[in-house]
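# An overview of the molecular structure
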Amino acid sequence: MKGLCSFLFSFFLSNLTALTIAGDGDISLKRESAAKYKYIEFNEFGRPEEVLLIKEENPRPLNDGEIRVKVLASPINPSNLLQITGNYGSPPEFPATPGSEGVGRVIEISESVKQVKTGQLVLLVGGGTWREQIVAPASQFLPLPELENLDDKLIEQLSMSLVNPVTAFLILNSFTQLEEGQWLVQSAANSAVGGYVIQLAKQRGIKTVNVVRRTGLADDLIAKGGDVVLIDGPDLVTEIKRETGYAPIQLALDAVGGDTFGRLANSLNYDGTLIVYGVLSGRPANLNTAITIFKDIRIRGFWLAKWYEKASGKEKKEIFDQIIPLIVNGSLAADVDSRFTVDEITQAALRAAQPGRNGKVLIVSGDGG
Ligand SMILES: NC(=O)c1ccc[n+]([C@@H]2O[C@H](COP(=O)([O-])OP(=O)(O)OC[C@H]3O[C@@H](n4cnc5c(N)ncnc54)[C@H](OP(=O)(O)O)[C@@H]3O)[C@@H](O)[C@H]2O)c1
């Protein structure tokens, strides 16, 4: 995500009011810089609770151009678990350090660093974010402006800003341009991506059919802005037709695979598009290919990693200029189920793999940062 770094850096720098911590704050940041810190590593693929190791290290002196950042929060995403079990699109090299995004506070800078200040918040983009401290060149962090409404809740939301909100934005906008009043259908609607899709769609007047696999989620998804919530099952297509008044559905977003994939495809109107961006069931798609002929259905895959690799700085800037302010003003948010420290990584990973969570599992600093 190096291209992303340089663009965001200039984006945030242009909005930046320097944050400084004076007096006792300086002393406590120096103390943190000197303390031993823990991080997570794995050297083989397997169940997270069996292969994840808690390592401890003494901080090393900074090289010129580097900064030291205390990690405040970093989510466990399904892709992180897939990487640990060896089922992801791009396998890591060992020793591997998991975690793909997060937010932290700068606790030390080297002499030539001018673009960030001690005490400032930065987004973490370089990977290996399940740790207490990160040392890297300043250019590999994305400085955040001073935020008036900054509290623990916003810090947590910012820690999740580079993966799922961007995915939701792109799958909603890149393939089919829906107009106000049109419908989309999505599976795994109670996932973080699903929640962001609901919120973004609502802001544009797009209606959503939200398919989940269990009861008890309708109130929350309607409160987020969803229009219809349905439990997945053999009658899904009929229920979608009934609940939408037989509205033509042009866009389906699937993160489940298996039978769900086929049902979403069946619910599409002529010329509709089905975007597959996850395989949570682990099952191959069960699709009646005849409908792709007679309804001229388009099936497209989406992988954010590829987008970060290929998109221009301008394209990334356009999207971040829209997403980050929405996170800061609270109109884009994900639920948080639970928080664990780096020391508690086993419990954290087990919780993240459990069905029926109430949102994201976060790795947090434990002392509020
Ligand atoms: N392609 C990309 O670039 C990209 C980028 C970001 C995310 N993703 C994918 O998007 C999906 C959602 O990610 P996330 O971080 O938003 O997830 P998340 O917030 O961690 O939530 C996962 C959700 O999936 C649901 N789920 C799990 N297995 C399911 C199944 N077999 N059928 C239906 N629902 C199921 C869970 O529902 P319960 O509460 O019922 O357990 C839970 O709500 C994942 O597959 C992830 O890999 C892909």
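Now for the overall build of the protein chain. Secondary structure summary: the protein chain contains 14 helices and 15 strands in total. Scaling as 2.2 N^0.38, a compact globule of 369 residues should have a C-alpha radius of gyration of about 21 Å, and the protein chain matches this with 21 Å. Seen along its three principal axes, the alpha-carbon backbone of the protein chain occupies a region of about 65 × 45 × 35 Å. Restricting the contact set of the protein chain to residue pairs at least 6 apart, pairs at least 24 apart contribute 69%.

On to the environment of N80, then. Counting through the fold element by element, N80 comes out in helix α4 (residues 78–85). Note: C-alpha distance between N80 and N266 (186 residues apart in sequence) is 31 Å. Beyond its immediate chain neighbours, meaning those up to four positions away, N80 contacts P98, G99 and S100.

At their nearest, the axes of helix α6 (residues 164–173) and helix α13 (residues 313–328) sit 11 Å apart, and the two run at 125 degrees to each other. The orientation of α6 with respect to α13, classified from their angle, is oblique. Between α6 and α13 lies a crossing of right-handed hand. Here P165, V166 and F169 of α6 lie close against α13, whose contacting residues are I319, I323 and I327.

Moving on to the site of the ligand. Around the ligand sit 26 residues, and of these S191, A192, G278, L280 and L304 come closest. Elements supplying a minimum of two residues to the shell around the ligand: α4, α6 and α7 (192–203). Residue composition of the shell around the ligand, grouped by class: 13 nonpolar, nine polar and four charged. Here the shell around the ligand spans two domains, and each of domain 1 (2–162 + 319–364) and domain 2 (175–301) adds at least three residues to it.

Each assigned domain of the protein chain is listed with its residue range as follows: domain 1 (2–162 + 319–364) and domain 2 (175–301). For domain 1 versus domain 2, the distance between C-alpha centres works out to 32 Å. On the domain 2 side, the residues contacting the eight residues of domain 1 number eight residues.

Moving on, we get to the confidence of the model for the protein chain. On average, the protein chain scores 91 in pLDDT, and the residues at 70 or more come to 91%. Note on residues 1–23: pLDDT under 50 across the span, and 46 contacts to partners over four residues away in sequence or across chains.

What follows covers the packing of helix α9 (residues 236–244) against helix α10 (residues 258–267). Where α9 meets α10, the closest approach of the two axes is 9 Å, and the angle between their N-to-C directions is 40 degrees. Crossing of α9 against α10: the hand is right-handed. Along the contact surface, α9 presents L236, V237 and I240, while α10 presents R263, N266 and S267.

Parameters and conventions
- Residues numbered from 1 in each chain as written.
- Predicted model: local features only at pLDDT ≥ 70, side-chain atom pairs only at ≥ 80, totals over all residues.
- Helix = DSSP H or I, 4+ residues; strand = E, 2+ residues; numbered from the N terminus.
- Rg over C-alpha atoms; globule rule 2.2 N^0.38 Å.
- Contact = placed C-beta atoms within 7 Å.
- Axes fitted to C-alpha atoms, helices over the stretch in contact; angles between N-to-C directions.
- Parallel < 35°, antiparallel > 145°, perpendicular 65-115°, else oblique.
- Left-handed = near helix turned anticlockwise from the far one by under 90°.
- Near = placed C-beta within 6 Å.
- Nonpolar A, V, L, I, M, F, W, Y, C, P; charged D, E, K, R; others polar.
- Domains from an automatic or database assignment.
- pLDDT = per-residue confidence, 0-100.

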